[in-house]
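# Overview (structure and organization)
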Amino acid sequence: MQAIEVFPRSDNEANLQFNADGSLRHLLTLKGLNRSLLVDLLDHAQQYVTAPGEATIHNQSLDGRTVANLFFEPSTRTRASFDLAAKRLGADVLNLDVNTSSRKKGESILDTIYTLQAMQVDVMVVRDASSGVPAYIARHVNEHVSILNAGEADVSHPTQGLLDLLTIRQRKGQFKDLTVAIVGDIMHSRVARSAAEGLNTLGVGSLRLISPSALAPDPDEMPYATLHDNLDEGLRDADVVMALRIQRERIDSLEGIPGSDEYFANYGISTERMQNAADDAIVMHPGPMNRGIEIESALADSPASAITQQVANGVAVRMAVLERVSQAMESR
Ligand code: CP
């Protein structure tokens, strides 16, 4: 388990995200993004979606801008897709190698940020294991700089939430008549929190959070969702099923947490367990996935699976977010 530093939080983090005219300056959380802002980002991202094998869309809307990827925690999908997204929009991209950065020599996170800011980095994409880092940085950067949260402890992963919403909209067309079931380690999942926030704003019909009791969220945290510890009951007639991995890197003690075989037997999503869900239900997973633990391997590769579609949408969503914050830079 990594050493976790806690950064001071404040009540106005959702508001910190906006310019005076209401446009997006930073993306720290999906909390506070209203329906029209979410729909605008989804619509904008949709324009960048291309079919597999088709040429990808490129433009120069970020020409002259510099995007830095600062991942102080491992990533495959988020980091690669921000890198591709920024390049497809014509930005200069800096992927800071944190293992050889001066933060390893004791440089504070703010001094690292000020150093990059001096090099005229315009957008900093930040992932960190500590809660509060993206907002802390956002409060300290110059007016021209935007901060994009690429995964913050167990708190928030807003671009993952957006790509999940886009995938559901593509496969199901709407939200209001849907039952969405999120299954697994809800307690430690920033993915579940961002998906839940976005689904709630877009008026999802029903949201169910299914987990062993040791991995359940605080019952008051998401009052718009129902909590379940029985998988078959939670999956009943669900239209969308999202499996999550157990976030072992955020868990102090594994006491009370089922081992892999027991977990799969009770909470693993399989073709058989999906018989409880709606006939045309889809299966999602944010990745990285552990086949045979939270999801049956054959199901992950089946037509019901939207997992590769989620990954593809990740690039489009990050293009949309980069473009929106950079458009707002012009008017600041
Ligand atoms: N879903 C997700 O955040 O994946 P990575 O950790 O690979 O970025």
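Heads up: these notes are all about the structure in this document.

### Things to note about the overall build of the protein chain
The helix and strand tally for the protein chain stands at 11 helices and 9 strands. In summary, the protein chain has a C-alpha radius of gyration of 19 Å against a globular reference of 20 Å for 332 residues, a match within 12%. The principal-axis extents of the C-alpha atoms in the protein chain amount to approximately 55 × 45 × 35 Å. A burial count over the protein chain gives 55% of its 332 residues as buried. If you take every contact in the protein chain between residues at least 6 apart in sequence, the share linking residues at least 24 apart comes to 76%. Summed over its atoms, the accessible surface of the protein chain is roughly 13,900 Å², and 47% of this surface lies on carbon and sulfur atoms.

### Details of the site of the ligand
For the ligand, the full set of nearby residues is Ser 75, Thr 76, Arg 77, Thr 78, Arg 127, His 157, Gln 160, Pro 286 and Gly 287. A distance of 2.6 Å separates an oxygen atom of the ligand from a polar atom in the side chain of Thr 78. The contact in question runs from an oxygen atom of the ligand to an N or O atom on the side chain of His 157, over 2.9 Å. Contact with the protein chains removes 93% of the 250 Å² of surface that the ligand exposes when unbound.

### Details of the sheet that holds strand β9 (residues 282-284)
Spatially, the 5 strands line up as an open sheet ordered β7-β6-β5-β8-β9, and their pairing is parallel. Two strands in the sheet have a free side with no partner beyond their single neighbour: β7 (226-228) and β9. The average undirected angle you get between the axes of adjacent strands in this sheet is 20°. Relative to strand β6 (residues 206-210), strand β5 (residues 179-183) runs parallel, the two being bridged by 5 bridges. Across the sheet, the residue bridging to Val 180 is Leu 207, located in β6.

### Thoughts on the environment of Thr 50
Note on placement: Thr 50 falls in the loop between α2 (35-46) and β1 (66-71). If we skip the residues at most four places from it in the chain, Thr 50 touches Ala 55, Thr 56 and Ile 57.

Reading the values: the criteria
- Residues numbered from 1 in each chain as written.
- Predicted model: local features only at pLDDT ≥ 70, side-chain atom pairs only at ≥ 80, totals over all residues.
- Heavy atoms only, no water.
- Helix = DSSP H or I, 4+ residues; strand = E, 2+ residues; numbered from the N terminus.
- Rg over C-alpha atoms; globule rule 2.2 N^0.38 Å.
- Buried < 20%, exposed > 50% of the residue type's maximum accessible area, 1.4 Å probe, protein only.
- Contact = heavy atoms within 4.5 Å.
- Areas by Shrake-Rupley, 256 points an atom, 1.4 Å probe, with all protein chains shown as cover.
- Near = heavy atom within 4 Å.
- Polar contact = N/O pair within 3.5 Å; in protein donor to acceptor, adjacent residues only side chain to side chain.
- Pairing = 2+ DSSP bridges.
- Axes fitted to C-alpha atoms, helices over the stretch in contact; angles between N-to-C directions.

In short, the description is geometric, and any link to function would need to be established separately.
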